[in-house]
Amino acid sequence: MLDRYREYKQLNLSEIGTEILQKWGETHAFEQSITLRDGAPAFVFYEGPPSANGMPGIHHVISRTLKDLVCRYKTMQGFQVNRKGGWDTHGLPVELGVEKELGITKEDIGKKISVADYNKKCKEVVMRYKDKWDDITQKMGYWVDLDNPYITFTNDYIETLWWCLSELYKKGLLYESVSIQPYSPAAGTGLSSHELNQPGTYKDVKDTSATVLFKLQDKDKIGLQEIKSDVFLMAWTTTPWTLPSNLGLSVGAHIDYVLVKTYNPYTFELQYVVLAKSLLHAYFKEEVQNSDFENYQPGDKLIPWQMIKQFKGNELEGLRYEQLLPTEASSIEEIHKITPGADPFKIVVADFVTTQDGTGIVHTAPAFGADDFKAGKKNNLGILTLVDKEGKFIDGMGEWSGRYVKDYKDDPHYTDVNIDICVQLKKEGRAFKVEKYEHNYPHCWRTDKPIIYYPLDAWFIKTTAAKERMIELNNTINWKPASTGTGRFGNWLENMVDWNLSRSRFWGTPLPIWRTEDGSEEICIGSVAALNEEIKKAAIALGGDTNKNYLHDGILDLHKPYVDDIILVSKQGKPMKRVADLIDVWFDSGAMPYAQWHYPFENKDSFKNAFPADFIAEGVDQTRGWFYTLHVLATLLFDSVAYKTVVSNGLVLDKNGNKMSKRLGNVVDPFETIEKYGPDATRWYLVTNASPWDSLKFNVEGIKEAQRKFFGTLYNTYQFFVLYANVDGFTCKESYIPIEERPELDQWILSSLNSLVKEVTDNFDKYEPTQAGRAMETFVDEQLSNWYVRLCRRRFWKGEYAHDKISAYQTLYECLETLSKTMAPIAPFFADWLFNNLNDVTAKSPLSSVHHTHFPTPIAEAINTGLEKRMKLAQDASSLILSLRKKVNIKVRQPLQKVFIPALDKEMAENIRMIEEIIKTETNIKEVEILDADNDFIRKKAKANFKTLGKKLGSRMKWAAEKISLFNNAEIEEVQKGGYILNNDEIAAGAEPILLNEEDLDIITDEIPGFEIATNGSLTIALDITLSHQLLMEGAAREFVNRVQNIRKDKDFELTDHIRVEILENDGIQNFIIEFKDYICGEILADSLEFVPHLSNGTSIEVNNNSLTINVTKNSKHGN
RNA sequence: AGAUCCGUAGCUCAGCCUGGUUAGAGCACUACACUGAUAAUGUAGGGGUCCCCAGUUCAAAUCUGGGCGGGUCUACCA
């Protein structure tokens, strides 16, 4: 315990950061913050695991500040908040990094480097920056358990994932199916969406596009019997190589289609074609509509056309057409071999069809597009994959067989098969338009070759089975901001598709499914124990070397390649091998509520007590990532939400609003920022500058501002407090003076303080930390520092250490201490520093950290809104008086006699009376005269109250406002008495009378003849600026005091030093010194003040343009 | 393409839900003042097509519709 409060030379937030951090380490403050809450209700928080294979950036600081402040707040509210850290360690980014580092590609894995060595490397790399992460975590003040984190690559973690998968499997929610995925024929591998989002993968390319004609077979069904020529359906494609695989045509149910009579531009034959009405202009020229068909000559540029009939899309549904490019490989027999019972070559209705471009009829090849696949499945179109995995046409396609659909091999003799296809179609009269078309198309980032969409086997979780339930549960989640939950997330749920889990990679959680070669039998393993048992079973059943390396200790590493070594045995006694897939890393993180506890194998209670989470927070980019996968797994496995509240924070942009990226070189190094400005100012800025979900334009100037404006002011207030508290020995040992026994100013600041506590609590509870922080800023700046302290300064350094002074100390102490608590969640270091600086002297709290204390609760009895309103009035009045002084150039030090304040009503008069003392001292005025409402001194003016009158008057509002603005005092008084009729002159003509009430007017002071006035709303100030001789003398005395104080300061006297003052005699201007001698001596702590005829070493000072020579010396005889 | 957030002073943001009179704050800039809190503070000044258009209304920054611009996410399609 200290006997003096610590005093500082200047504020150094960075130093406070390091100092407090060290203290936290020594006292295990974080651990204590949890153990101290043993037995308290839990507040459950989940840490979204970052990946430690990259450096932390400033955007990590924002989301972690958010998480931390909520956890700290809840801890202070009495909850026990366990915070288990975690690391996301699997996945593609890790693998890509390793490949780059080793200079290999995916194909080399298993060849140039063994899978075991490759995965070993991945494991090394994945924690590469863990130290940096731990470091930033500490330095930014993020309290999270770094000693026992969950790590997704551990066996325990994976085992839980297997358990989850097997549960899903048991429920029939895990299935294998073909899906259409981006695939690179050049690289021979499927690509993840992540890979597709690498910079530069989407390129503008020119492809041969074709508008082709499908011959309608049953035109009779839509009443076209009388048309003798063929009727064609027009469809457009940018990938003609998919046309042989066409199995359907998709139309939009509500799109208007038209039948058009025209000539084919290539064969010049008369044709009837069908396309969307709104796309006519893309194919036909307006000026030749209905023009002369008879005189058309083959080769004419302008081709006549005529609209014959119109249909809705759904009228076309089910119509059949002839296969466009029949080949051996695509005969109906072949189709039935692949998909028995398929019913292709018909028109189907699909919702993805638009009239943006093309013809409004979409060529549908189920193998080569996700939408096509969906439409094919829904309508039983079958599937034809006439292209192999190398990207060339398969056998049985005549001259096209063996030809690559794109130039994948950089073959100098490559000829584009797409063009050949178009040529053939032109010849057959099945092409309507062939042209180069420039569009944006994805490319394989590794080979730079265009990708195709291709059907691949994949494992899925049947999320669609629980769609309704997931939507229902989502409605119970508190989303911040709400729009993300209903919009981005809700929408996503509405359009949910099954979750494709498969990844053909190496470093990840293996799918624990083994199956026989013919696929007839399979097993899904749900635990290591089960696997080991199966290993042994298979070894016995299959004999030989089966699983020989895994018989003793079982399996030791659940990754590839070890799991792939293992062969299990089926019920029928057949060997089973593991399916090749790894699972999506998002499954890893989505299962963290269970896997972090190794549930259900261990820690069943820990899990039960920590599920679901009360709160999680991550960047908005996780909405369809982590937020989604948590939600899916909780719903499917436990029919529960995974989290009750989720805050999605926005992005951190650079100060110009650009996304931060290494490429642009605009990334902000969080280490440097925290080092330079301290963690608190950084956190404060991030929290208060913009709501968490708004994107933040990061600008260090903002941090500097927080530093100066908020922390600087609070620090000054603290310094002020300790300056005097140390002098007077205030240590809170006196008994607490009841609030009602304190001066009004104290009551006021305590009322404001408690209002603040209430506001801050409300906002923290609503997960609105920005509002909470801003409220604290306003309080510290406007109320505590610039009003309370300013007005109370004298109370601290003048007078006896008695009731009034102690009251002031107790009040200011309470403000500072309470603030240290309310700000603790956002600025944990400074708050603890402040708290301990106070508490180390007073020992009011037995706790060693502010973070262990309880968050203040607002004391309702301390809140006096009337008082707060009055004080606002005092502030406004003082501000007006100061502005008037400024206007007439009379400094505050010069006392003035009187100010007039007109009161518009009794209440206002009463309020002014109650604050007149404050106004007087604050503005150095002797008298406040309140002018009653009915005085005839001031001239009043009225303004219409638009709110009340607008409703009554409607369109006559303008007229009334005009009239009211011309009212004189008498008319206004009439209105106030009641019964004033605005349209007296119209009554005779039979108009309804318009009756004005007092509430219909806003009364303001117009002017006070003969005075300088200033107004602000309904408040008016009139200042008497007459300077009497007496006032001038007093002003001079104050001026003199000021000069002496400056001398004291220059001479480095202590505050408490008493002095002697000698003044060189100077006739004429010394009167004020004689007259105000007592006042002056009291102010400057002078034991003597004497005029002397001679002064050898005096200082020259100036008082109101007169020179005086004085000598100030310390009076050593006077004890302190 | 869909969803979502944002657009108010040179910059960062309030206000918008619940329409009302002269649209605010801080920073920056300029001038003046203050000076036992002083690398603090006060007062004043300049600075605005409240992104645009239309509608509703006596009245729109605020409500409705349609655009535009920027960010993000998802999708990528003939």
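Our structure's up above, just so we're on the same page.
Residues numbered from 1 in each chain as written. Chains lettered and ligands numbered in written order. Predicted model: local features only at pLDDT ≥ 70, side-chain atom pairs only at ≥ 80, totals over all residues. Heavy atoms only, no water.

## Considering the overall build of chain A
We count it as follows: Secondary structure is summarised from DSSP: a helix means a run of H or I of at least four residues, a strand means a run of E of at least two, and numbering begins at the N terminus for each. Three exposure classes are used, based on accessible area relative to the maximum for each residue type with a 1.4 Å probe and protein chains only: buried under 20%, partly exposed in between, and exposed over 50%. Contact between two residues is taken to exist if any of their heavy atoms lie within 4.5 Å; hydrogens are not considered. Using a 1.4 Å probe, accessible areas were evaluated by the Shrake-Rupley method; residue-level cover was limited to the displayed protein chains. His is not counted, nor are the chain ends; Lys and Arg add positive charge and Asp and Glu add negative charge. Charged groups are reduced to one reference atom each: NZ for lysine, CZ for arginine, CG for aspartic acid, CD for glutamic acid.
In terms of helices and strands, chain A carries 36 helices and 38 strands. Taking the principal axes of its C-alpha atoms as reference, chain A extends roughly 125 × 100 × 55 Å. Burial statistics for chain A: of 1120 residues in total, 55% are counted as buried. Pairs at least 24 apart in sequence give 77% of the contacts found in chain A among residues at least 6 apart. As displayed, chain A has an accessible area near 50000 Å², and 48% of this comes from carbon and sulfur atoms. For chain A, the centre of its 130 positive side-chain charges and the centre of its 160 negative side-chain charges are spaced 2 Å apart.

## A short note on the side chain of Lys-84
What counts is decided by this rule: By convention in these notes, a salt bridge is any Lys or Arg side-chain nitrogen within 4 Å of a carboxyl oxygen on Asp or Glu.
Checked against the element boundaries, Lys-84 lands in strand E1 (residues 84-87). Buried and without a salt bridge, Lys-84 has Asp-145 as its closest oppositely charged side chain, separated by 5.9 Å. Sequence-distant contacts of Lys-84, that is, excluding residues within four places in its chain, are made with Glu-47, Val-144, Asp-145, Asn-148, Tyr-150, Gln-596 and Trp-597.

## A few points about the sheet that holds strand E28 (residues 925-931)
Heads up, the rule is: Paired strands are those between which DSSP finds at least two bridges. Axis definition: a line fitted to C-alpha atoms, limited for helices to the stretch in contact. Angles are taken between N-to-C directions and run from 0 to 180 degrees.
The 4 strands are arranged E28-E27-E34-E33 in an open sheet whose pairing can be described as mixed. Looking along the sheet, the strands with just one partner apiece sit at the ends: E28 and strand E33 (1012-1016). Between one strand and the next, the sheet's axes are offset by a mean angle of 20°, whatever the strand orientation. Inspection of the sheet shows strand E27 (residues 896-902) paired to strand E34 (residues 1019-1024) by 3 bridges, in the antiparallel sense. Of the residues in E34, the one forming a bridge with Phe-900 is Ala-1022. Against the sheet, helix H29 (residues 906-923) makes contact with E27, E28 and E34, and its axis sits at roughly 165° relative to E28, the strand it touches most.

## Some details on the pairing of strand E11 (residues 346-349)
Of the two faces of E11, the one lined by Lys-346 and Val-348 and the one lined by Ile-347 and Val-349 are each fully buried. Pairing between strand E7 (residues 248-251) and E11: 4 bridges, direction parallel. Across the sheet, the residue bridging to Val-251 is Val-349, located in E11.

## A few points about the packing of helix H34 (residues 1029-1050) against helix H36 (residues 1077-1084)
How we decide: Working rule for angles: under 35 degrees goes down as roughly parallel, over 145 as roughly antiparallel, 65 to 115 as roughly perpendicular, anything else as oblique. Note on convention: the crossing is left-handed when the near helix lies turned anticlockwise from the far helix by less than a right angle, right-handed when the turn is clockwise. Only Asp, Glu, Lys and Arg are considered charged, only Ala, Val, Leu, Ile, Met, Phe, Trp, Tyr, Cys and Pro nonpolar, and every remaining residue, Gly among them, polar.
Following both chains from N to C, one finds H34 and H36 inclined at 25°, their axes separated by 10 Å at the closest point. In terms of orientation, H34 lies roughly parallel with respect to H36. At the point where H34 passes H36, the crossing takes the right-handed sense. Along its contact with H34, which presents Ala-1037, Arg-1038, Phe-1040, Val-1041, Val-1044, Gln-1045 and Arg-1048, the element H36 presents Tyr-1079, Ile-1080, Glu-1083 and Ile-1084. Split by residue class, the contact of H34 with H36 holds 7 nonpolar, 1 polar and 3 charged.

## Quick look at the pattern of salt bridges
Pairing is possible between side chains that carry opposite charge, provided their charged atoms lie close to one another. A full pass over the atoms with the stated rule returns 54 salt bridges. With its nearest N and O atoms 2.9 Å apart, the salt bridge here joins Asp-207 to Lys-406. In this pair, Asp-207 is assigned in strand E5 (residues 202-215) and Lys-406 in the loop between helix H11 (370-378) and helix H12 (417-427), connecting sequence segments 199 residues apart. On the basis of relative accessibility, which here comes to 15%, the residue Lys-406 falls in the buried class. For Lys-221, the salt bridge identified is with Asp-218, shortest N-O distance 3.3 Å. Here Lys-221 falls in the exposed class, since its relative accessible area comes to 62%.

## Details of the protein's contact with RNA strand B
Rule in force here: Near, as used in this document, describes a residue that has one of its heavy atoms within 4 Å of the molecule or strand being considered. Polar contact is the term for a pair of N or O atoms within 3.5 Å; when the atoms are in protein, one must be able to donate a hydrogen and the other to accept it, and sequence-neighboring residues count only if both atoms are side-chain atoms.
Every one of the 58 residues lining RNA strand B counts as a neighbour, but Trp-236, Thr-237, Tyr-453, Arg-893 and Arg-1048 are closest to it. Within 4 Å of the protein, the contacting atoms of RNA strand B are drawn from sugar and phosphate to the extent of 55%. For RNA strand B, a sugar or linking oxygen lies 2.3 Å from a polar atom in the side chain of Thr-237. Residues belonging to the surface near RNA strand B are distributed by class as follows: 17 nonpolar, 19 polar and 22 charged.

## Section: the environment of Gly-429
For Gly-429, the location among the structural elements is in the loop between H12 and strand E13 (431-442). The buried category is assigned to Gly-429, whose relative accessible area is 3%. Spatially, the C-alpha atom of Gly-429 lies 18 Å from that of Leu-259, the residues being 170 residues apart in sequence. Residues contacting Gly-429, with those up to four places away along its chain left out, are Leu-213, Asn-264, Thr-267 and Gln-271.

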